Amino acid sequence: MGKLKNEFSWSNSRNSVFRECRRKYYYSYYGHWGGWEFDAPDEVRQIYILGKLKNRFMWAGGVVHEVIKNVLEETKSGRVPLMNRLINLTREEMRHGFESSKNKMYWQDPKSCALFEHEYDIEVKDEKWKDLWKHVETCIQNFYSSDIFDMVKNIDFSLWLPIEEFQAFLFEDTKINVKLDFAYRDRNGSIIIIDWKTGKSERAGSDIQLGCYTLFAIDHWNVDSEKVKTIEYNLYHKRGITNKLDAGEIEEIKGYMGKSIREMKSLLADPVQNIASQDNFAKTLNREICSSCNFKRICLSEV
Ligand code: SF4
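Residues numbered from 1 in each chain as written. Predicted model: local features only at pLDDT ≥ 70, side-chain atom pairs only at ≥ 80, totals over all residues. Heavy atoms only, no water.

1. A short note on the packing of aromatic side chains
For step 1, the next point in the chain: Within the structure shown, the criterion is met by 24 aromatic pairs.
For step 2, the next point in the chain: Judged by centre distance (5.6 Å) and plane angle (35°), the ring pair of Tyr 26 and Phe 281 falls under tilted. A residue pair is termed long-range when its members are at least 10 positions apart, and Tyr 26 in helix α2 (residues 22–31) and Phe 281 in the loop between α10 (247–266) and α11 (287–291) qualify at 255 residues.
For step 3, the next point in the chain: Tyr 26 sits in the buried class, given a relative accessible area of 12%.
For step 4, the next point in the chain: When the centroid spacing of 4.8 Å and the interplanar angle of 75° are considered together, the rings of Phe 98 and Trp 129 count as edge-to-face. One end of the pair, Phe 98, is in helix α5 (residues 83–102); the other, Trp 129, is in helix α7 (residues 126–144), with 31 residues separating them in the sequence.
For step 5, the next point in the chain: Owing to a relative accessible area of 14%, Trp 129 belongs among the buried residues under this scheme.
For step 6, the next point in the chain: Ring pairing ties together the aromatic residues Phe 18, Tyr 25, Tyr 26, Tyr 27, Tyr 29, Tyr 30, Phe 281 and Phe 295, which thus form one cluster.
For step 7, the next point in the chain: Taking the ring centre of Tyr 29 as reference, the NZ or CZ of Arg 14 above it sits at 4.4 Å.
For step 8, the next point in the chain: Above the ring of Phe 18, the side-chain terminus of Arg 22 is found at 3.8 Å from the ring centroid. (Phe/Tyr/Trp six-rings, centres within 6.5 Å; stacked < 30°, edge-to-face > 60°. Helix = DSSP H or I, 4+ residues; strand = E, 2+ residues; numbered from the N terminus. Buried < 20%, exposed > 50% of the residue type's maximum accessible area, 1.4 Å probe, protein only. Lys NZ or Arg CZ within 6 Å of the ring centre and 35° of its normal.)

2. Let's talk about the site of the ligand
For step 1, the next point in the chain: As a structural note, the neighbourhood of the ligand is formed by Cys 21, Arg 23, Lys 24, Tyr 27, Lys 283, Thr 284, Ile 289, Cys 290, Cys 293, Lys 296, Cys 299 and Leu 300.
For step 2, the next point in the chain: Spatially, the ligand is embedded in the largest cavity.
For step 3, the next point in the chain: Within the residue set of the shell around the ligand, elements represented by two or more residues are α2, α11 and α12 (296–299).
For step 4, the next point in the chain: Examining the composition of the shell around the ligand, we find that three residues originate from one element, α2, more than from any other.
For step 5, the next point in the chain: When the residues that make up the shell around the ligand are grouped by side-chain class, the tally is seven nonpolar, one polar and four charged. (Near = heavy atom within 4 Å. 1 Å grid on protein atoms, 1.4 Å probe; cavity = no way out; pocket = protein on both sides within 12 Å on 5 of 7 lines; lining within 4 Å. Sits in = over half its atoms within 2 Å of the grid points. Nonpolar A, V, L, I, M, F, W, Y, C, P; charged D, E, K, R; others polar.)

3. Focus: the pattern of salt bridges
For step 1, the next point in the chain: Applying the stated criterion across every chain yields a total of 14 salt bridges.
For step 2, the next point in the chain: Glu 66 is the partner of Lys 69 in a salt bridge, and the nearest nitrogen-oxygen pair spans 3.8 Å. One end of the pair is Lys 69 and the other is Glu 66, both in helix α4 (residues 56–76) and three residues apart, which spans about a single turn.
For step 3, the next point in the chain: Judged by its relative accessible area of 34%, Lys 69 is partly exposed.
For step 4, the next point in the chain: Two residues, Lys 134 and Glu 137, come together in a salt bridge whose shortest N-O distance is 2.7 Å. Here the residue Lys 134 and the residue Glu 137 both occupy positions in helix α7, the gap between them amounting to three residues, near one helical turn.
For step 5, the next point in the chain: Ionic contacts of the salt-bridge type, sharing partners, join the residues Arg 91, Lys 134 and Glu 137 into one network. (Salt bridge = Lys/Arg side-chain N within 4 Å of Asp/Glu carboxyl O.)

4. Examining the packing of α4 against α5
For step 1, the next point in the chain: Closest axis-to-axis distance for the α4/α5 pair is 12 Å, and the angle between their directions is 145°. Once α4 is placed against α5, the crossing between them reads as right-handed. Every residue of α5 that contacts α4 at Trp 59, Ala 60, Val 63, Val 67 and Val 71 is listed here: Leu 86, Thr 90, Met 94 and Phe 98. (Axes fitted to C-alpha atoms, helices over the stretch in contact; angles between N-to-C directions. Left-handed = near helix turned anticlockwise from the far one by under 90°. Contact = heavy atoms within 4.5 Å.)

5. Brief notes about the environment of Gln 278
For step 1, the next point in the chain: Considering the arrangement of structural elements, one finds Gln 278 in the loop between α10 and α11.
For step 2, the next point in the chain: Look past the residues within four positions of Gln 278 in its chain and what remains in contact with it is Arg 23, Tyr 26, Tyr 27 and Glu 302.

6. Some words on a nonpolar patch on the surface
For step 1, the next point in the chain: A cluster of nonpolar side chains, Leu 4, Trp 33 and Trp 36, forms an exposed patch at the surface whose accessible area comes to about 280 Å².
For step 2, the next point in the chain: In this structure Trp 33 comes out as partly exposed when scored by relative accessible area, which is 31%. (Patch = residues over 30% accessible without salt bridge, like charges linked within 9 Å, V, L, I, M, F, W, Y side chains within 5 Å. Areas by Shrake-Rupley, 256 points an atom, 1.4 Å probe, with all protein chains shown as cover.)

Dropping the structure here:
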């Protein structure tokens, strides 16, 4: 297999990193490139591994998303997994991930659990780790007893829409990446996209994110925007927020996306080949952002 090429693409999360700190954006989307190769330069390897760190809340959210994805897949294949068994397995996996991360095994195995708190020796009391597990357990239990799971498993499975790990659509010749959790078509031909939320905050997600889901559905499932609905379902609070964007809002989001893409490309040394030079990506002056940044080990030690 030939060498992978770093192609330019856009996503809402990429845009958020770009807004936070240009240098963080550079590390996340350019500086890490090739860090998986056995002969990668030391700094590239470090950037690659630091880029994989997750704080404990992101880790918990990721675990819940993975569990639900598996439950839905198994439900579709005809057997709903037993909740208590699944909770025990998840607890064991998290324990294993925690120990591995505590011993910083991710430096040898970048695919293993890598927690920001361990890399930066942040003291987190045992009680807080236990609370984190309780949060994951509550989200899984809430999912099983939720109206939404009840509704979803009673829909004809032929109406469930296939969701791949990575999905994308083209917008003004740029690939836009989206990560959908679940989608189905209702009897009227409308598309319903469900986005699982796991945080304690009940704040609604960004309109840009919802706009990307809607644009993906229009492109991929060939429907009009009026036929696309999103539900952000918070598994901790067991509540959903339903949204539907009108044509004007979608145009506004498209305008925002186009502007963001142009801004990103304007900083590239070679926008056609997607080549970036670190010097074009300034460090933020906001130290609060740096305090929770994965790359602070290498970035703040630079003179
Ligand atoms: S440590 Fe601060 S300046 Fe450096 S990449 Fe992170 S956020 Fe940006």
